[in-house]
Amino acid sequence: MNKKSALLIILILVGTIVLTQSVFTVDQTEEALVLQLGKPVYPDPLGPGLHFKLPLVQDVVYFDSRILDYDAKPEEITTEDKKYMNIDSFAKWRIANPLVFYQKVRTIPGAQARLDDIIRSQLRVSLGRYTLIEVVSRKRPEIMTNVTARTKKQLEPYGIEVIDVRIKRTDLPPENATAIFGRMKAERERQAKQYRSEGQEAMARIKAKADKERSIILAEAEKQAEEQRGQGDAKATAIYAEALGQSPEFYGFMRSLDAYRKSFKDKSRFIFTPESPFLKYFQ
C-alpha cells in the first residue's frame, strides 16, 4: 500500500467520523437542544427529523415531549376539623419549554423532585381549609381544580406545564378509622331505632284506621240488614194479614197443621184437656 492509498483511507475514516458526529436525528416523541460549551446554540428546541451540529464541539440534549406521570408517595394531611388522612396523589405534566427546563431543573428526576415539593405543599394548604367530609365527597373537584391551577402557576418558571393534579386514594389512619367507624355504627343504630319507632307508629295508625273503617262497615251492614229484615217482616205480616182476610178459617186450619207438625216432630208427650183450643181440628 502506497502513501496515497493510506492517506485516502485516513481521509475516509476522518470524514466518516466527522459525518457521524455531525448528523443526529430527533424522534417523534422528543425535542432536542444543541449545546455548545454548555450554552444553547438555538433559542428554540429542534423538532423531529434529521439535524446537523458541529462535531466534538456541540452536544445534543433530548427531552421527552409526551405527557408524563408523577406519582407521589402517600402522606398524612390534617383537615380543618383536625382529622388525619393519608393522601395518595398523582399528576399529569409535560415539558413546555425545554430551554428553561434545562436551565432550571436539567433532568426529569430533578423536575419530579420540584413537582413533589410544590404539589405536596399545595395539597396540605388546600386540604387544610376543608373538613374531612368535604374532602372525601362534596368539595373534592373544587379542591383539585384549585390545586391544579396553583401548581401550574408555580411550575411555569421551570418550563413545566402541569395538566392535572388528582387524589388517587384517601385513607384514614388505623386509630382514626376505628373511632370513625364506631361513630358511624352508633349513628346508623340510632337511625335504625328511629326508623323502627316511626314504623311502629305508622303501623298503629294504619291499624287503628282499619279497625275504625271495619267497625263503620259492620255497623252500616248491620243497619242495612235490620232495615231489610224489618221490610221483610212487614211484607210477611201484610201477606199473612191478606191471607187471613180472604179465608180466616182456612188460614187457621193451615197454621194449626204447621203447629201440629212442629210439635209432634220429636215424638214428645203432651197433656191437653179436650176443650183445649190447640185440639180444635182433632175433634
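Residues numbered from 1 in each chain as written. Predicted model: local features only at pLDDT ≥ 70, side-chain atom pairs only at ≥ 80, totals over all residues. Heavy atoms only, no water.

As recorded in an unreviewed UniProt entry, the protein goes by Protein HflC and comes from Pseudodesulfovibrio senegalensis. UniProt lists a comment for the protein under the heading Sequence similarities (unreviewed entry), and it reads "Belongs to the band 7/mec-2 family. HflC subfamily." (UniProt positions renumbered as here; feature names shortened; annotations may be inferred.)

Draft legend 1. Just the sheet that holds strand 3 (residues 39–40), in detail. Reading across from one edge, 3-2-5 is the order of the 3 strands in this open sheet, with antiparallel pairing throughout. If you trace the sheet from one side to the other, it starts and ends with strand 3 and strand 5 (58–64), each paired once. Pairing geometry for strand 2 (residues 30–36) and strand 3, over 2 bridges, is antiparallel. Across the sheet, Gln 36 pairs through a bridge with Lys 39, a residue of strand 3. (Pairing = 2+ DSSP bridges. Helix = DSSP H or I, 4+ residues; strand = E, 2+ residues; numbered from the N terminus.)

Draft legend 2. Spotlight on the pairing of strand 8 (residues 84–95). Sheet analysis places strand 6 (residues 68–71) next to strand 8, joined by 4 bridges and oriented antiparallel. By the bridge assignment, Asp 69 is partnered in strand 8 with Lys 92. Both strand 7 (residues 75–78) and strand 8 contribute to a ladder of 4 bridges, which runs antiparallel. Each bridged residue has a counterpart across the sheet, and for Glu 75 the counterpart in strand 8 is Ile 87.

Draft legend 3. Here's a closer look at the pattern of salt bridges. The full count for this structure, using the stated rule, is 13 salt bridges. Residue Asp 71 is joined to Lys 168 by a salt bridge in which the shortest nitrogen-to-oxygen separation is 3.1 Å. Within this pair, whereas Asp 71 is found in strand 6, its partner Lys 168 is found in strand 9 (residues 160–171), the two being separated by 97 residues in sequence. On the basis of relative accessible area, Lys 168 is assigned to the partly exposed category, the value being 43%. Between Lys 168 and Asp 88 there is a salt bridge; the shortest N-O distance is 3.8 Å. Of the two residues, Lys 168 sits in strand 9 while Asp 88 sits in strand 8, which places them 80 residues apart along the sequence. The class of Asp 88 is buried, set by a relative accessible area of 14%. (Salt bridge = Lys/Arg side-chain N within 4 Å of Asp/Glu carboxyl O. Buried < 20%, exposed > 50% of the residue type's maximum accessible area, 1.4 Å probe, protein only.)

Draft legend 4. Region of interest: the side chain of Ser 126. By secondary structure assignment, the location of Ser 126 is in helix 3 (residues 108–127). Setting aside chain neighbours within four positions, we find Ser 126 in contact with Ile 143, Val 147 and Arg 150. (Contact = heavy atoms within 4.5 Å.)

Draft legend 5. Spatial organisation of the nonpolar core. Core analysis: the largest hydrophobic core is formed by 33 residues, its most contacted members being Trp 93 and Phe 101. Sorting the residues of this core by element identifies strand 2, strand 6, strand 8, helix 2 (98–104), helix 3, helix 4 (132–138), helix 5 (140–155) and strand 9 as the ones contributing at least two each. The leading source of residues in this core is helix 3, at 6 residues. Shared between two domains, this core holds at least three residues of each, these being domain 1 (18–64) and domain 2 (68–172). Apart from residues lying up to four places away in sequence, Phe 101 is in contact with Phe 63, Trp 93, Ile 95, Arg 106, Thr 107, Ile 108, Ala 111, Tyr 158, Gly 159 and Ile 160. In terms of nonpolar packing, the next biggest core, distinct from the first, is built from 5 residues, Phe 24, Val 26, Ala 32 and Val 34 among them. (Core = buried A, V, L, I, M, F, W, Y, C linked by side-chain atoms within 4.5 Å. Domains from an automatic or database assignment.)

Draft legend 6. Highlighting the packing of aromatic side chains. On inspection of all chains with the given rule, the structure shows 2 aromatic pairs. Here Phe 63 and Phe 101 contribute two aromatic rings whose centre-to-centre distance is 5.9 Å and whose plane-to-plane angle is 90°, an arrangement assigned as edge-to-face. Taken together, the residues Phe 63 in strand 5 and Phe 101 in helix 2 connect sequence positions 38 residues apart. In this pair, the class of Phe 63 matches that of Phe 101, namely buried. Residues Phe 63 and Tyr 102 carry aromatic rings whose centres are separated by 6.3 Å and whose planes lie at 80° to one another, so their mutual orientation is edge-to-face. Of this pair, Phe 63 sits in strand 5 while Tyr 102 sits in helix 2; the two residues are 39 residues apart in sequence, bridging distant segments of the chain. The same class applies to Phe 63 and to Tyr 102, which are both buried. By way of ring pairs, the aromatic residues Phe 63, Phe 101 and Tyr 102 are connected into one cluster. The side chain of Lys 104 reaches across the aromatic face of Tyr 158, ending 5.9 Å from its centre. (Phe/Tyr/Trp six-rings, centres within 6.5 Å; stacked < 30°, edge-to-face > 60°. Lys NZ or Arg CZ within 6 Å of the ring centre and 35° of its normal.)

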